[in-house]
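# Architecture and fold: a report
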Amino acid sequence: VSLAASDLAGAWDLEEFVIRFQSDREPVFPFGKDAHGQLLYAGGRMSAVLSRADRAPLGVASLETAGLATVDAKAAAFSSYLSYTGSYRVEGTQVVHEVALSLVPESCGTNHVRTVSLDGERLVLSYQVTSSSGVVRDHVLTWRRSPAHG
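So, a few notes on the structure that sits alongside this text. The shown structure was predicted, so the numbers you read here are calculated from the model rather than taken from an experiment. (Residues numbered from 1 in each chain as written. Predicted model: local features only at pLDDT ≥ 70, side-chain atom pairs only at ≥ 80, totals over all residues. Heavy atoms only, no water.)

In this section: the overall build of the chain. The secondary structure content of the chain amounts to two helices and eight strands. Each helix (α) and strand (β) of the chain, taken in turn from the N terminus, gives the series α-β-β-β-α-β-β-β-β-β. Its C-alpha atoms give the chain a radius of gyration of 17 Å, within 12% of the compact-globule value 15 Å for 150 residues. Across its three principal directions, the C-alpha atoms of the chain cover 50 × 45 × 30 Å. (Helix = DSSP H or I, 4+ residues; strand = E, 2+ residues; numbered from the N terminus. Rg over C-alpha atoms; globule rule 2.2 N^0.38 Å.)

Before going further, it helps to examine the pattern of salt bridges. For the structure shown, the criterion picks out seven salt bridges. Residue Arg122 is joined to Glu15 by a salt bridge in which the shortest nitrogen-to-oxygen separation is 2.9 Å. Residue Arg122 is found in strand β7 (residues 122-130), and its partner Glu15 is found in strand β1 (residues 10-21); the two are separated by 107 residues along the sequence. On the accessibility criterion, Arg122 (34% relative accessible area) is partly exposed. (Salt bridge = Lys/Arg side-chain N within 4 Å of Asp/Glu carboxyl O. Buried < 20%, exposed > 50% of the residue type's maximum accessible area, 1.4 Å probe, protein only.)

What follows is about the nonpolar core. One finds Leu39, Tyr41, Leu123, Leu125 and Trp143 to be the most contacted residues of the largest nonpolar core, which totals 23 residues. Elements represented by at least two residues in this core include exactly β1, β2 (36-42), β3 (45-51), β4 (81-91), β5 (94-102), β7 and β8 (136-145). Leaving out residues up to four positions away in the same chain, Leu39 has contacts with Gly10, Ala11, Trp12, Met46, Ser47, Ala48, Leu123, Leu125 and Trp143. (Core = buried A, V, L, I, M, F, W, Y, C linked by side-chain atoms within 4.5 Å. Contact = heavy atoms within 4.5 Å.)

With that settled, consider the sheet that holds β5. Read around the closed barrel, the eight strands follow the order β1-β2-β3-β4-β5-β6-β7-β8; overall the barrel is antiparallel. When the angles between neighbouring strand axes are averaged without regard to direction, this sheet yields 30°. As paired strands, β7 and β8 are joined by nine bridges and run antiparallel to one another. Bridge pairing in β8 places Val129 opposite Arg137. (Pairing = 2+ DSSP bridges. Axes fitted to C-alpha atoms, helices over the stretch in contact; angles between N-to-C directions.)

What follows is about the environment of Arg137. By the element assignment, Arg137 lies in strand β8. The residues contacting Arg137, other than those within four sequence positions of it, are Ile19, Arg20, Phe21, Tyr127, Gln128, Val129 and Ser131.

What follows covers the side chain of Arg114. Locating Arg114 in the fold gives a position in strand β6 (residues 111-119). Although buried, Arg114 forms no salt bridge, and the nearest oppositely charged side chain, Asp138, lies 11 Å from it. Within the local environment of Arg114, its side chain forms a polar contact with the side chain of His112, the two groups lying 3.4 Å apart. For Arg114, the residues in contact, after removing those within four places along its chain, are Tyr84, Thr93, Gln94, Val95, His97, Leu125, Ser126 and Tyr127. (Lys, Arg positive; Asp, Glu negative; His and termini not counted. Polar contact = N/O pair within 3.5 Å; in protein donor to acceptor, adjacent residues only side chain to side chain.)

Spelled out as structure tokens, the structure:
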């Protein structure tokens, strides 16, 4: 079945982000089993945000004063949140996220290729990573189409 960019259009809410190992290791939930996230596809652009549900406050008065947080608070905030944005294109059964801006600067200018499984209101994006020691990990993000607001 061929996938079209229009099939992905809209907002998606994260149901689960799990890393499964191709070994006997237990699965890992990088942002917890109750992680939050939102994925947006519109007009050839995309944006992804993932967050732990239990993020610690920075201890500052506002967004504008976030730079005044302690180094430890900033590190905790960084470790519990991920975001990137850019353009996207569909190639067969894969979506390619062309990263323009990211919390992780090294991601800018790279492509994140995800295998797509779309079943009604559920979208599964997956990809595989092999560590330098040869450990194979399957990253699986399950999303549900957001209800329309307006």
